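The chain contents come next:
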Amino acid sequence: MLKARVITAIFLLAGLLCALFLLPSWGWLAFVSVICATAAHEWGGIVGYKGARSWIYAVLLGALCLSFGLVAGLHRDDTVAPFNLVPAYGLSALFWVLCVPFWLRSRWALPGAGAAALVGFVLLIPPSLAMIHLRLLSPWLLLGVMASVWIADIAAYFTGRAFGRRKLAPAISPGKSWEGAYGAVAGVVIYGLVCLSYFLPHGLAIGQLVFAAAGLVAFTAISIIGDLFESMLKRQAGVKDSGTLLPGHGGVLDRIDSLTSTLPLAGLLALWFAR
C-alpha cells in the first residue's frame, strides 16, 4: 500500500504541476471543472445517489463550475479581482466556521437527497472557483496555499504517530490525535512565517507577526475541520474512501477534503487585499 501511495503521489504531483504551469487560463478552468465533476460523482456515492443520478449530479456541478468561472472571467488572463466570487466564498466561510463545528459535535446525518445536493454544492463549487482564481493571480500562490494544507497533513501524521496519545475525535476519525493537530499547527505556522520572511525581507512588526501567526493557526484549524467533516460522512455512509480512482489514496475527494474548507478562505483573503 505504501508503494502504491508513493507512486500515485508522484504521478499526481507531476500532473498537477504540468497543468498548473503549462495550461492556458481557459484550459485550467476546464481542468478544474473536470476535477469538480469527479469529486461530485464521489460525493454522490457517499450520500447515496445511485447509478445515473450520481452521474447527472457530477455533470451538473462540473457545468456549474465552468459556467460560474466563465461569468467571473476566470478564463481570461487579465482578470485579477473577480469580486463577484465574494458570495460563493462568503457562503463557504459561513458553512465551515459557523455550521460544520456544530455538525461535527452533534454528528448529524444528512436529512435527504436535496440537502445532500446543496451541501455538495457548498463543499465543491467555492474551492473549485478559488483554485482557478488563485492560479490567475500566480501559480506559485495557489501552489503555496495547497502546500500549507499538505504540510499540515504530513506534520499531523508524523507527529501523531510519534506522540499521539489523546484522540481528537474518536467517534469520527480514531486515528487523529490532539498531538497530531498541534504538530500540524506548528508545521503550518513555521512554513507560513518562513514564506512571509522571504516575500517581506524587511520583516513584520510584533503586532503583525502575532496576527499572521493567529491567522495561520485558524487556517490549520479549518483544514482539520474539512478533513474531519468528510471522515464523518464517510463513516456514516459505511465507506473507507470516497472512491478508488487513485491507487493507495482512494478518490479525488479524499485528496481535496482539507482544500474544500481552506481554498475559499484564501480566495476571500486575496479579494480583500485586492480592494
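Below you will find a few notes about this structure. If you're wondering where the values come from, they're calculated on a predicted model, not measured in any experiment.

**Regarding the pattern of salt bridges**
Turning to step 1, where the next piece is worked out: On inspection of all chains with the given rule, the structure shows five salt bridges.
Turning to step 2, where the next piece is worked out: Here R76 ties to D78 by a salt bridge, and the two come within 3.3 Å at their closest N and O atoms.
Turning to step 3, where the next piece is worked out: What makes R76 partly exposed here is its relative accessible area of 40%.
Turning to step 4, where the next piece is worked out: Judged by its relative accessible area of 58%, D78 falls in the exposed class.
Turning to step 5, where the next piece is worked out: R166 is paired through a salt bridge with E179; the nearest N and O atoms lie 3.3 Å apart. Of this pair, R166 sits in the loop between α6 (139–163) and β1 (167–169) while E179 sits in helix α7 (residues 178–199), placing them 13 residues apart in sequence.
Turning to step 6, where the next piece is worked out: In this structure R166 comes out as partly exposed when scored by relative accessible area, which is 44%.

**Brief notes about the nonpolar core**
Turning to step 1, where the next piece is worked out: Residues W28, F95, L104, L124, L142, F229 and L263 are the most contacted members of the largest nonpolar core, which totals 68 residues.
Turning to step 2, where the next piece is worked out: Counting residues per element, this core draws most heavily on helix α5 (residues 113–137), which supplies 12 residues.
Turning to step 3, where the next piece is worked out: Excluding anything up to four places from it in sequence, W28 contacts L16, A19, L20, L23, M131, I132, R135 and L142.

Parameters and conventions
- Residues numbered from 1 in each chain as written.
- Predicted model: local features only at pLDDT ≥ 70, side-chain atom pairs only at ≥ 80, totals over all residues.
- Heavy atoms only, no water.
- Salt bridge = Lys/Arg side-chain N within 4 Å of Asp/Glu carboxyl O.
- Buried < 20%, exposed > 50% of the residue type's maximum accessible area, 1.4 Å probe, protein only.
- Helix = DSSP H or I, 4+ residues; strand = E, 2+ residues; numbered from the N terminus.
- Core = buried A, V, L, I, M, F, W, Y, C linked by side-chain atoms within 4.5 Å.
- Contact = heavy atoms within 4.5 Å.

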